[in-house]
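Structural overview
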Amino acid sequence: MEAHEQAQALNKQGRFEEATNGTPAAAADSVGLEFFDPVQSSFLPMYTTGRNSPYGEQTLLLLRSLAEQAGLHCGRYAELYGASYSSGFDGYMNASTVAFLRNRARGLQPPATGAEDQQADCVARLAPLIAM
């Protein structure tokens, strides 16, 4: 970890301790860093308080597609996903989303639009699929 990253982490820890008096019991009763306004995350500064996380955005798209199609329709889901993450999207795009968009731009269709990626975004979308 770089020196400036350590300083940022310590600053956030200081804010957490200040907000919770440094005790687990107080932490359980207080608002966490993710709910500070402005948001304290330097990783995702475009995500303001109350906005879904990147995983939440992806999961919501799948849930919307499942509801609209009354089940999983890979082609329709790919269309919705591609349209949602096209130009004008102001959030975070992980490697799998970038690869998906690149594959769609090349004219590929599911399942060939998938990406070799080991991030947890796929796990975040399991709940709506299982519930369906």
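All of the points below concern the structure found in this document. A quick note: this is a predicted structure, and the numbers were derived from the prediction, not measured. (Residues numbered from 1 in each chain as written. Predicted model: local features only at pLDDT ≥ 70, side-chain atom pairs only at ≥ 80, totals over all residues. Heavy atoms only, no water.)

**Focus on the side chain of Arg125**
This is how the line gets drawn: Strands here are runs of E lasting at least two residues and helices are runs of H or I lasting at least four, both read from the DSSP assignment and numbered beginning at the N terminus. Exposure is judged per residue with a 1.4 Å probe applied to protein chains only, and the accessible area is read against the type maximum: over 50% gives exposed, under 20% gives buried, and values in between give partly exposed. Within 3.5 Å is the distance limit for a polar contact, defined as a pair of N or O atoms, with the added protein rule that one can donate a hydrogen and the other accept it, and that residues adjacent in sequence qualify only through two side-chain atoms. We call two residues in contact whenever any of their non-hydrogen atoms come within 4.5 Å of each other.
Structurally, the position occupied by Arg125 is in the loop between helix H6 (121-124) and helix H7 (126-131). Of the residues examined, Arg125 reaches a relative accessible area of 14% and is grouped as buried. Separated by 3.1 Å, the side chains of Arg125 and Tyr77 make a polar contact. In contact with Arg125, other than residues within four places in its own chain, are Gln58, Thr59, Leu62, Tyr77 and Tyr81.

**Re the environment of Cys122**
Mapped onto the elements, Cys122 comes out in helix H6. Considering only alpha carbons, one finds Cys122 and Tyr55, 67 residues apart in sequence, at a separation of 8.7 Å.

**Describing the packing of aromatic side chains**
Worth spelling out the cut-off: For Phe, Tyr and Trp, where Trp contributes only its six-membered ring, two rings pair if their centres lie within 6.5 Å, and the inter-plane angle classes them as stacked under 30 degrees, edge-to-face over 60, or tilted in between. Lysine NZ or arginine CZ positioned within 6 Å of the ring centre and within 35 degrees of the ring normal marks a charge as sitting over the ring.
As enumerated under the stated definition, the model contains 4 aromatic pairs in all. Both rings, one in Tyr81 and one in Phe100, keep their centres 5.2 Å apart while their planes meet at 90°; by these two values the pair is edge-to-face. Of the two residues, Tyr81 sits in helix H4 (residues 74-84) while Phe100 sits in helix H5 (residues 95-105), which places them 19 residues apart along the sequence. For the pair Tyr81 and Phe100, one class covers both residues: buried. In textbook terms, an aromatic cluster arises when at least three aromatic residues are bridged by ring pairs, as seen for Tyr77, Tyr81, Tyr85, Phe89 and Phe100. Above the face of the Tyr47 ring, Arg51 is positioned so that its terminal group lies 4.1 Å from the ring centre.

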